[in-house]
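# Report on the structure
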2 protein chains.
Amino acid sequence: MERIASKTVHEGPRVVVRHERWRHGDGGVAEREVAEVDDAVTIVPYDDDAVYLVRQPREPVREERLLELPAGKLDVDGETPLECAQRELVEEIGRRASDWEELKRFYPAPGFATEAMTLFLATGLERVEGHEPDPEERIEIVAWPLDDLDGAIAECVDAKSLVGLYALRDHL
Amino acid sequence: MERIASKTVHEGPRVVVRHERWRHGDGGVAEREVAEVDDAVTIVPYDDDAVYLVRQPREPVREERLLELPAGKLDVDGETPLECAQRELVEEIGRRASDWEELKRFYPAPGFATEAMTLFLATGLERVEGHEPDPEERIEIVAWPLDDLDGAIAECVDAKSLVGLYALRDHL
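Residues numbered from 1 in each chain as written. Chains lettered and ligands numbered in written order. Predicted model: local features only at pLDDT ≥ 70, side-chain atom pairs only at ≥ 80, totals over all residues. Heavy atoms only, no water.

To continue, consider the interface of chain A and chain B. Residue-level contacts link 55 residues of chain A with 56 residues of chain B. For the pairing of chain A and chain B, the buried interface totals around 5,200 Å² over both sides, and the portion due to carbon and sulfur atoms is 57%. Per-residue buried area on chain A facing chain B is highest for E59, Y107 and F112 of chain A; these three make up 14% of the total on that side. The interface formed by chain A and chain B includes six salt bridges. (Contact = heavy atoms within 4.5 Å. Buried area = accessible area lost by both parts, 1.4 Å probe. Salt bridge = Lys/Arg side-chain N within 4 Å of Asp/Glu carboxyl O.)

Encoded structure:
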């Protein structure tokens with residue numbers, strides 16, 4: 001398939017919307033409204049006892065304290081997904097990890113959004129001294145017992161975090 | 001938290017973008033760019049031998065044949081998620097199901113999109129006579145062997161379908 005036309009109809013700070021026309025191999029033409037957003041990363045940080053989750057407000061879905069894995073957008077120029085994951089792990093839960101493993105790359109909403117998500121396991125965790133969470137993010141850190149992963153999966157209603165928690169359970 | 005301002009900045013056929021301002025319990029104010037899209041359903045249809053998947057083009061992520069569970073948008077006025085799932089199952093894979101179970105409700109992209117996804121198990125499958133797939137959808141039906149769910153999970157890179165396949169594996 002081939003994109004034969006594209007027109008930007010909205011250009012905001014986080015979301016760009018394009019009306020696109022695609023020609024398929026069968027000759028047919030499809031019109032699509034596409035939301036371009038930054039690609040992102042999700043991190044599964046765990047030690048012998050716990051997987052580290054966060055609770056944070058998610059205004060778009062009117063949730064006050066959604067249970068999620070640490071995650072963030074690739075919004076720094078030239079940053080790789082791994083560098084972004086390392087930065088976000090410090091920012092969100094105040095920890096560094098010595099060992100990183102890329103587990104999966106997937107699409108959260110391929111029907112309308114361009115976003116690609118890279119999922120990392122992070123182990124060898126160590127606290128970053130003097131770390132202060134960003135008050136603007138309103139993030140609460142949750143050390144969830146590793147022997148109750150099923151409880152986290154049951155409570156979690158965030159797709160990327162569900163994929164990460166299931167993948168962690170398979171990995172262990 | 002409370003939404004204290006909202007301005008529609010783009011109104012397209014599938015995506016509406018709003019610039020919103022939210023006041024949190026701590027008194028702080030957050031600006032958010034929110035993409036409003038229809039809520040949706042994902043269906044896990046299976047029988048003794050197979051789970052029924054589809055491959056279809058997903059232009060936003062430039063994938064020619066993404067492996068997914070059957071799914072669809074709540075874009076018919078007054079339709080419930082279950083009714084939508086029943087309609088989409090016929091449209092996408094030409095089958096009815098006698099038994100439906102709601103498994104989970106989750107958010108594909110809560111950082112920027114309003115979409116809520118309801119996941120259903122569908123069993124007691126029966127072919128619908130004379131069903132013709134919509135050529136515009138370019139959907140290929142895949143009967144994936146139930147004893148190789150791990151293979152489907154490994155190949156799948158669509159978040160909602162990963163959640164559905166993992167949930168099916170837990171259910172079996």
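The biggest cluster of nonpolar side chains holds 50 residues, and the ones touching the most others in it are V51 and L165 of chain A together with V51 and L165 of chain B. Dropping the residues within four chain positions of it, L165 of chain B is found in contact with V51, L53, L69, L149, A152, I153 and C156 of chain B. (Core = buried A, V, L, I, M, F, W, Y, C linked by side-chain atoms within 4.5 Å. Buried < 20%, exposed > 50% of the residue type's maximum accessible area, 1.4 Å probe, protein only.)

Under the definition given, this model contains zero disulfides over all chains. Distance from the sulfur of C84 of chain A, which forms no disulfide, to the nearest cysteine sulfur (C156 of chain A) is 19 Å. Lacking any disulfide linkage, C156 of chain A is separated from the closest cysteine sulfur, that of C156 of chain B, by 17 Å. On the basis of relative accessible area, C156 of chain A is assigned to the buried category, the value being 1%. (Disulfide = S-S within 2.5 Å.)

All names here are of chain B. At R62, a position not held by glycine, the phi torsion is positive, near 55 degrees. Looking at the secondary structure, you find R62 in the loop between strand 5 (50-58) and strand 6 (63-68). With relative accessibility at 53%, the residue R62 sits in the exposed group. Even without being glycine, R138 reaches a positive phi, approximately 50 degrees. Positionally, R138 belongs in the loop between strand 9 (117-127) and strand 10 (140-145). (Helix = DSSP H or I, 4+ residues; strand = E, 2+ residues; numbered from the N terminus.)

All names here are of chain A. What the three strands build is an open sheet, ordered 6-5-10; its pairing is antiparallel. A single partner strand is all that each edge strand has here, and the edge strands are strand 6 (63-68) and strand 10 (140-145). Ignoring strand direction, the axes of neighbouring strands in this sheet form an average angle of 30 degrees. Note: strand 5 (residues 50-58) against strand 6, four bridges, orientation antiparallel. Bridging from a neighbouring strand, R58 pairs with E63 of strand 6. Each of strand 5 and strand 6 touches helix 3 (residues 159-171); the most contacted strand, strand 5, lies at about 175 degrees to it. (Pairing = 2+ DSSP bridges. Axes fitted to C-alpha atoms, helices over the stretch in contact; angles between N-to-C directions.)

A few words now on the relation of the copies chain A and chain B. Each copy superposes on the other: chain A lies on chain B with an RMSD of 0.0 Å after a rotation of 180 degrees and an axial shift of 0.0 Å. Read as a symmetry element, the transformation amounts to a two-fold axis. (Least-squares fit on C-alpha atoms with pLDDT ≥ 70 in both.)

Turning our attention to the side chain of D158 of chain A. Position of D158 of chain A among the secondary structure elements: in the loop between helix 2 (149-155) and helix 3. Side-chain polar atoms of D158 of chain A contact the side chain of K160 of chain A, separated by 2.8 Å. The contacts of D158 of chain A, once residues within four sequence positions are left out, are L66, L67 and E68 of chain A together with Y107 and P110 of chain B. (Polar contact = N/O pair within 3.5 Å; in protein donor to acceptor, adjacent residues only side chain to side chain.)

Two quantities define a packed helix pair, namely the angle between the axes and the distance from one axis to the other. Contact geometry for helix 3 of chain A and helix 3 (residues 159-171) of chain B: axes closest at 9 Å, N-to-C directions at 45 degrees. As summarised for this structure, helix 3 of chain A and helix 3 of chain B are arranged oblique, according to the angle between their axes. Here the hand of the crossing between helix 3 of chain A and helix 3 of chain B comes out left-handed. Between helix 3 of chain A and helix 3 of chain B, the residues in contact are A159, L162, V163, Y166, A167, R169 and D170 of chain A and A159, L162, V163, Y166, A167, R169 and D170 of chain B, respectively. Of the residues in the contact of helix 3 of chain A with helix 3 of chain B, the class split is ten nonpolar, no polar and four charged. (Parallel < 35°, antiparallel > 145°, perpendicular 65-115°, else oblique. Left-handed = near helix turned anticlockwise from the far one by under 90°. Nonpolar A, V, L, I, M, F, W, Y, C, P; charged D, E, K, R; others polar.)

Now for the packing of aromatic side chains. With the rule as written, the count across this model stands at three aromatic pairs over all chains. Between the aromatic rings of Y166 of chain A and Y166 of chain B, the centroid separation amounts to 4.6 Å while the plane-to-plane angle is 5 degrees, which identifies the pairing as stacked. A residue pair is termed interchain when its members come from two chains, as with Y166 of chain A in helix 3 and Y166 of chain B in helix 3. The residues Y166 of chain A and Y166 of chain B share a single accessibility class, namely buried. Ring plane angle 80 degrees and centroid distance 6.1 Å describe the contact between W100 of chain B and F120 of chain B, whose orientation is recorded as edge-to-face. (Phe/Tyr/Trp six-rings, centres within 6.5 Å; stacked < 30°, edge-to-face > 60°.)

Residue and element names in this part refer to chain A. Strands sit in the order 7-4-9-8 across an open sheet of four strands; the sheet is mixed. What marks the edges here is a single partner per strand, and that holds for strand 7 (71-73) and strand 8 (95-106). Within this sheet the neighbouring strands show an average axis-to-axis angle of 25 degrees, counted without direction. Bridging between strand 8 and strand 9 (residues 117-127) involves ten bridges; their strand directions are antiparallel. Within the sheet, the bridge partner assigned to R96 lies in strand 9 and is E126. Against the sheet, helix 3 touches strand 4 (40-45), strand 7, strand 8 and strand 9, its axis set at about 65 degrees to strand 9.

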